[in-house]
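Structural characterization, general
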Amino acid sequence: MRERSRPRGRREAGGGGGTGGAEASPRGEQRGDLAAGGSRGPAMEEGAADLRQRKKQNCSESDKMAPEQRNKENSKLGRSPKYMLIQRFAKLFFGCLAAVTSGMMYAVYLSTYHERKFWFSSRQELEREITFQGDSAIYYSFYKELLKAPSFERGVYELTHNNKTVSLKTINAVQQMTLYPELIASVLYQASGSEEVIEPVYFYIGIVFGLQGIYVTALFVTSWVMSGTWLAGMLTVAWFIINRTDTTRIDYSIPSRENWALPYFACQVAALTGYLKKNLNCSAEKFCYLLVNASTYTFMMMWEYSHYLLFVQAISLFLLDSFSLAQTEKVHEVYKIYLFSLFLGYLLQFENSALLVSPLLSFIAALMLSKCLQMNMKKGTFMSRLLKVMYIYLVLTVAVTLNFLLKMCVPHKENEHLLKFIEVKLGLNTTKNFTMNWLLCQESLQAPSQDFFLRLTQSSLLPFYILVLIICLFSVTQVIFRRICGEPLKETVKLEDGRIGERPEIVYHVIHTILLGCLAMCLEGMKYLWTPYVCMLAAFGVCSPELWMTLFKWLRLKAVHPILLALILSMAVPTIIGFSLWKEFFPRIMTELTELQEFYDPDTVELMTWIKRQAPVAAVFAGSPQLMGVIKLCTGWMVSSLPLYNDDDLLKRNENIYQIYSKRSAEDIYKILTSYKANFLVIEDSICNEVGPVRGCRVKDLLDIANGHVYTRESPVTSRQSQVVCEEDDNYAYSKYGRFCHEIKMNYSPYVNYFTRVYWNRSYFVYRINTVISFQS
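Predicted model only: the values in this text are computed from it and were never measured. (Residues numbered from 1 in each chain as written. Predicted model: local features only at pLDDT ≥ 70, side-chain atom pairs only at ≥ 80, totals over all residues. Heavy atoms only, no water.)

1. Focus on the overall build of the chain
Check the secondary structure of the chain and you find 37 helices and five strands. Across the chain, contacts joining residues at least 24 apart in sequence account for 72% of those joining residues at least 6 apart. Within the structure as shown, the chain displays about 36,000 Å² of accessible surface, and the carbon and sulfur contribution to it stands at 61%. (Helix = DSSP H or I, 4+ residues; strand = E, 2+ residues; numbered from the N terminus. Contact = heavy atoms within 4.5 Å. Areas by Shrake-Rupley, 256 points an atom, 1.4 Å probe, with all protein chains shown as cover.)

Here it is, written out as structure tokens:
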């Protein structure tokens, strides 16, 4: 044992001169300090093969030396290795048990709450399906079609060549709507023989609730890995559930893509956290690497916007690597995982060109190119140091250039309205376009309200998050300053050092939450990506002795032993927080589970029943996209539009169909509807007589603006304050037609010549579009 420890001591003694680490690790040979790169010139010239060989030797050597070092420490404390092994196993066992139990209890909680809210078990099938609204209805309708198909292969073919959903349009629904979750759910339902055990709808929502349990478990594990105690995981779960309104959209839209995808991203973040840790043994490192691989690819297949979130993560890793705070090899291995996932996603998503022009691909390609330029440059030269200083600017410039070139060379159907939306949102442009202004009016695309911050403050989450973030940021700043001055990082950070900013996994999460927080401050919908990791980081901080020790190092505490005080606070503070949360919020949660809520929409049930009984099978219905999604799910009839916003043709259709609520003539509306082969028109009284809290964001107001029927003083809906675009005394442009949805109810000419009312109730008016009509244009 002594003979093995001597070479390690010699390497540590010799590594402090300019290698940037305590050992001659691959990280020290490839990167080094920001300012002392010249002293490592010979080491950096070695080949890649020799580097991999030394990395394997170093990894195996550390695996052998770790037990010996632990045995030596245990002998000093008078503890036997067997005792320590039992203690470690018990800690791991109870931690895993707590993590799994937390996830299962959260899944059961969601299921119970859903049952209480909708009375799901006592409803008929039609009433259950009505609870799926908007795009959720479309996703579940395709799941139903897969189960009704004679075979899985036939069902997939019908979805990829679908001409029974939208009139006059054949779509690849699997590619366009990212239906891989429905494909997996249908396969599991049929392969597991669940047809005779559980109804399809219960199986479907059960999978989603189970994934939410995995989501919570992954957050638990992430906080546990960072802090070293599963008490942090328990606090993470508590904050997540208490702030459920701001952490998940599961209450409003069960089949939404993010509810399927974000649990896999949470697993990827947990694995990445472990992968970035220092002094990780080879077995754990390989396990984390494989889990990052699998979860990254699955996440990309589940959500069409996943590559944007991975792009934010890639920026976090890039900044982590730029300041030499993590092993370069590990970071570049993650970059390779991104490339592999993009390649597989491109192939399996029917050659999805959006992945080729994604900012993630351009950014990773720029990183690889910049790395080659740096490695080919002689170390210690003025140009190499200049490139080190200009590294961030170089990568960003190359990434933007590559993305621009790819968009010019690769034919793609990327959503141009997203770029226009960003321009208008930032105030760089103005528009009267209905679709653009309608998107800008959505609450999820507004800046977060004060209620959001108030809720986070009342649960004590926001104050502790800000405290933890400030301490970590100051510590990271100190570490970066030391690196610039040429001081190497410590290979092993001890508790008494008080340097939490030297842990790469901590720095990564700090950068990641800051970037997500910036997005959440612009768009309220992004809070569902940011708030879960706020829960995790705040819980890690208050439960981490290292963070308290870092604070005490700055305060130079002398009255009390700082290590002892840090250990006490890391247990006492989360315990006090936990008891206060239990006392205040546990009764509220139990009230939610015991209180019987009622969701019943008899008018919609009557409408769907009438359509199934009276409408011809080949009929095509026109109306608002949200209602069309419900009609497609509950009746199976073809519709003229869908509540999807990733296809330019569907967006144009939606805008044209919405003209039924504008000030247009009966002849104009008739031409629009017949151009899509519509047979029936459904008018919703809630839209026609909408009395919104903010003028200018109602559908009829946006249509008037787009059609030039309203004079506007400024661009509408660029902020909450500027959404009011018309007051009572505003001047309207000349229009000789009244609002169509009002005029058609009067049953006078020329409206009765084009449309015949066949059904109505308190909420809906259904008109048959006459097929034989003569008019002069």
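2. Quick notes on the pattern of salt bridges
Per the counting criterion, the structure on display carries 26 salt bridges. In the salt-bridge network here, residues are joined through shared partners; they are Lys 169, Asp 647, Asp 649 and Arg 653. (Salt bridge = Lys/Arg side-chain N within 4 Å of Asp/Glu carboxyl O.)

3. Focus: the nonpolar core
Membership of the largest hydrophobic core comes to 164 residues, with the highest contact counts inside it found for Met 177, Trp 239, Leu 317, Tyr 338, Leu 607 and Phe 621. By residue number, the principal contributor to this core is helix α11 (residues 200-227), which donates 15 residues. With near-sequence residues (within four places) excluded, Trp 239 lies in contact with Ser 459, Ser 460, Leu 461, Phe 464, Cys 535, Ala 538, Ala 539, Ile 577 and Leu 581. (Core = buried A, V, L, I, M, F, W, Y, C linked by side-chain atoms within 4.5 Å. Buried < 20%, exposed > 50% of the residue type's maximum accessible area, 1.4 Å probe, protein only.)

4. What about helix α17 (residues 328-348)?
For α17, spanning 21 residues, the distance from its first C-alpha to its last is 30 Å, which sits close to the expected 30 Å at 1.5 Å a residue. Looking at the residues trailing α17, positive phi occurs at Phe 350, about 60°. (Expected span 1.5 Å × (residues − 1).)

5. A few points about the state of the cysteines
Simply put, the disulfide is a covalent bond whose two ends are the sulfur atoms of two cysteines. Following the criterion strictly, the structure yields two disulfides and no others. Between the sulfur of Cys 441 and that of Cys 697 lies a disulfide, 2.0 Å long from S to S. Residues Cys 441 and Cys 697 are joined through a disulfide that is left-handed, its torsion about the S-S bond being -85°. With Cys 441 in helix α23 (residues 434-441) and Cys 697 in the loop between α34 (685-688) and α35 (699-707), this residue pair connects regions lying 256 residues apart in the sequence. Exposure class is identical for Cys 441 and Cys 697. Each is buried. Linked covalently through their sulfurs, Cys 688 and Cys 741 form a disulfide whose S-S length is 2.1 Å. Linking Cys 688 and Cys 741, the disulfide has an S-S dihedral of approximately 85° and is accordingly described as right-handed. Remark: Cys 741 occurs in helix α36 (residues 740-743) and Cys 688 occurs in helix α34; sequence separation between them is 53 residues. (Disulfide = S-S within 2.5 Å.)

6. Side note on the packing of aromatic side chains
Think of a pair of aromatic rings as described by two things: how far the centres are apart, and how the planes are tilted against each other in angle. Applying the stated criterion across every chain, the model contains 40 aromatic pairs. Aromatic pair Trp 610 and Phe 680: ring centres 6.2 Å apart, planes at 80°, arrangement edge-to-face. Of this pair, Trp 610 sits in helix α30 (residues 602-614) while Phe 680 is found in strand β3 (residues 680-684), placing the two residues 70 residues apart along the sequence. The class of Trp 610 is buried, set by a relative accessible area of 16%. What makes Phe 680 buried here is its relative accessible area of 6%. The interplanar angle of 90° and the centroid separation of 5.6 Å between the aromatic rings of Tyr 748 and Tyr 751 together place this pair among those described as edge-to-face. We classify Tyr 751 as buried; its relative accessible area is 6%. Three or more aromatic residues joined by ring pairs form one cluster here, namely Phe 265, Phe 299, Trp 303, Tyr 305, Tyr 308 and Tyr 533. Directly above the ring of Tyr 139 sits Arg 257, whose terminal nitrogen or CZ lies 3.8 Å from the centroid. Stacked on the ring of Tyr 275, the Lys or Arg Lys 330 has its end atom at 5.5 Å from the ring centre. (Phe/Tyr/Trp six-rings, centres within 6.5 Å; stacked < 30°, edge-to-face > 60°. Lys NZ or Arg CZ within 6 Å of the ring centre and 35° of its normal.)

7. Remarks on the pairing of strand β5 (residues 764-769)
Taken across its six residues, β5 has five buried, putting it largely inside the fold. Where β3 lies against β5, five bridges are found, and the strand directions are antiparallel. When the sheet's bridge partners are listed, Val 682 is paired in β5 with Val 766. Judged from the five bridges that link them, strand β4 (residues 755-760) and β5 form a sheet pairing that is antiparallel. (Pairing = 2+ DSSP bridges.)

8. Examining the packing of helix α8 (residues 152-160) against helix α10 (residues 180-191)
At a minimum axis separation of 11 Å, α8 and α10 run at an interaxial angle of 160°. The orientation of α8 with respect to α10, classified from their angle, is roughly antiparallel. Along this stretch, α8 crosses α10, giving a crossing that reads as right-handed. Between α8 and α10, the residues in contact are Phe 152, Val 156 and Leu 159 and Leu 183, Ser 186 and Val 187, respectively. Here the residues of the contact of α8 with α10 are counted per class, giving five nonpolar, one polar and no charged. (Axes fitted to C-alpha atoms, helices over the stretch in contact; angles between N-to-C directions. Parallel < 35°, antiparallel > 145°, perpendicular 65-115°, else oblique. Left-handed = near helix turned anticlockwise from the far one by under 90°. Nonpolar A, V, L, I, M, F, W, Y, C, P; charged D, E, K, R; others polar.)

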